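Structure assessment
In case you want the letters, here they are:
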Amino acid sequence: MMTATVKLVSRVRRLGCVLAFCFLALFLWGLPGARALDNGLAMTPTMGWLHWERFMCNVNCQEEPDSCVSEKLFLQIAEIMASDGWKDVGYEYLCIDDCWMAPERDSEGRLQADPKRFPGGIRRLANYVHSKGLKLGIYADVGNKTCAGFPGSFGYYDIDAKTFADWGVDLLKFDGCYCDSIKHLADGYKHMSLALNRTGRSIVYSCEWPLYMWPIFKPNYTEIREYCNHWRNFADVYDSWQSIRSILDWTTSNQERIVPVAGPGGWNDPDMLVIGNFGLSRDQQITQMALWAIMAAPLLMSNDLRHICLEAKALLQDKDVIAINQDPLGKQGYRLRKEDNFEVWERPLSNLAWAVAMVNLQEIGGPRSYTISLTSLGQGLACNPDCLITQLLPVKRKLGFYEWTSSLKTQVNPTGTVLLRLERAS
Ligand code: GAL
């Protein structure tokens, strides 16, 4: 009797495994395989630093020499990225945003850096950045002007692509302000993509094409993925919890459309990491880091690496969380469920592992407990027949082995997140 029960249990288990495999196959092969921009870049989400959220368009170097958009700022950040462990964990692209340009093009129609704030020019800056083992990103705009009113690239796409390549630029953030029409926007983004490719230099192409299309009509993500390495969908990130929440809410409302299209070579970009600034509590910073990892988002920090507290630094440099973000399977995660002001997100990883995040959205009270049944995770596969669970955030802790039919109880702080990694045990 005893052996019969054991056999039955093991047969049910085996059946569970077979069904689970079919499920996995459907899940992995069922997704549309949109073709990515064929430049061999961004096979995992881009990692680096971008000046905009923290330094914006501060051009007043007279009064604020340490926080204006200038060569000095980028030289200092490059130095720190190379020496303080940032480069070692993967933050590679040091990116200039708007407001680097002189107000006019030169006599040959080329963009030029503001001569007072960038006396050495972009080529020399690129050389320095490269000498530190880093890459340099720059910013331009598909329309008649950049969002801050500097010269736009309309009518100059080929010249600008060539200028950036000549300078040794490695990434272009191409904004979408001051376009006359949707056709101008789409043609411009495509034109610049092809122009960059024609230069023969490897330049990551970061677009805002869908963001500027949404108000008019739904973007064609299959097409966008063929031209861009990542694309902004939603409004600019601010240094506030409200902003982070609005980005997450937008993402979940549109996940059926945007999640399947992400993959090696092309990613949804929910905008910069604002960890290490002023507006997010410790728990909210953990939520941003965990969810940007689940969303396979580019990790572009916008903060002052010269003055960053150790806690924020450790969070941004957390290798286990970065490994989730950079997982080679390259599938974006999604929200699995929302109940009782908790959200559960999950992301499939290579080697049949999964990342799971539990977010407590309740902004009143203290830590709340949430119990999750493991059968519900990873399309029923994450823990089938058992798994090893490690909590990565808020602190790393091995939780041990769990059977498929068991459940896991966690405590999550208000606006905080518990991030787990589940690995197959057998
Ligand atoms: C916005 C863009 C921001 C920043 C800014 C510069 O449109 O979304 O990320 O680049 O322009 O002016």
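Higher on the page you've got the structure.
Keep in mind it's a predicted model, so treat the numbers as computed, not measured.

**Quick notes on the sheet that holds strand β13 (residues 386-393)**
Note: strands within a sheet are paired through backbone hydrogen bonds, in either parallel or antiparallel orientation. One open sheet accounts for 6 strands, arranged β9-β10-β11-β16-β13-β14; its pairing is antiparallel. Only two strands of the sheet have a single neighbouring strand rather than two, namely β9 (334-339) and β14 (397-403). Neighbour-to-neighbour, the strand axes of the sheet open up by a mean angle of 25°, direction not taken into account. The sheet contact formed by β13 and strand β16 (residues 417-424) spans 6 bridges and is antiparallel. When the bridges of β16 are listed, Ile 389 appears paired with Leu 422. Its contacts with the sheet place helix α10 (residues 241-253) against β9 and β10 (342-348), and it is angled at close to 65° to β10.

**Section: unusual backbone geometry**
For the bond from Asn 384 to Pro 385, the omega torsion is 5°, close enough to zero to count as cis. A cis amide bond links Leu 393 to the next residue, Pro 394, at an omega of 5°. Topologically, Pro 394 is positioned in the loop between β13 and β14. One non-glycine residue, Ala 42, lies in the positive phi region at around 55°. By the element assignment, Ala 42 lies in the loop between α1 (2-30) and β1 (47-50).

**Quick word on the pairing of strand β15 (residues 407-412)**
Of the two faces of β15, the one holding Leu 408, Thr 410 and Val 412 is buried and the one holding Ser 407, Lys 409 and Gln 411 is not buried anywhere. Here strand β12 (residues 368-373) pairs with β15 via 6 bridges, running antiparallel. Looking at β15, one finds that Arg 368 is bridged to Val 412.

**Some thoughts on the site of the ligand**
Near the ligand you find Trp 52, Asp 97, Asp 98, Tyr 139, Cys 147, Ala 148, Lys 173, Asp 175, Glu 208, Tyr 212, Arg 232 and Asp 236, and these make up its full shell. Take Asp 98: an N or O atom from its side chain is 2.7 Å from an oxygen atom of the ligand. A distance of 3.2 Å is found between an oxygen atom of the ligand and a side-chain nitrogen or oxygen belonging to Arg 232. The residue inventory of the shell around the ligand, partitioned by class, reads 5 nonpolar, no polar and 7 charged.

**Quick look at the state of the cysteines**
Counted under the stated rule, the structure contains 5 disulfides. With its sulfur 2.0 Å from that of its partner, Cys 61 forms a disulfide with Cys 68. Because the torsion about its S-S bond is 100°, the bridge between Cys 61 and Cys 68 counts as right-handed. Since its relative accessible area comes to 22%, Cys 61 is described here as partly exposed.

Cut-offs applied
Residues numbered from 1 in each chain as written. Predicted model: local features only at pLDDT ≥ 70, side-chain atom pairs only at ≥ 80, totals over all residues. Heavy atoms only, no water. Pairing = 2+ DSSP bridges. Helix = DSSP H or I, 4+ residues; strand = E, 2+ residues; numbered from the N terminus. Axes fitted to C-alpha atoms, helices over the stretch in contact; angles between N-to-C directions. Contact = heavy atoms within 4.5 Å. Buried < 20%, exposed > 50% of the residue type's maximum accessible area, 1.4 Å probe, protein only. Near = heavy atom within 4 Å. Polar contact = N/O pair within 3.5 Å; in protein donor to acceptor, adjacent residues only side chain to side chain. Nonpolar A, V, L, I, M, F, W, Y, C, P; charged D, E, K, R; others polar. Disulfide = S-S within 2.5 Å.

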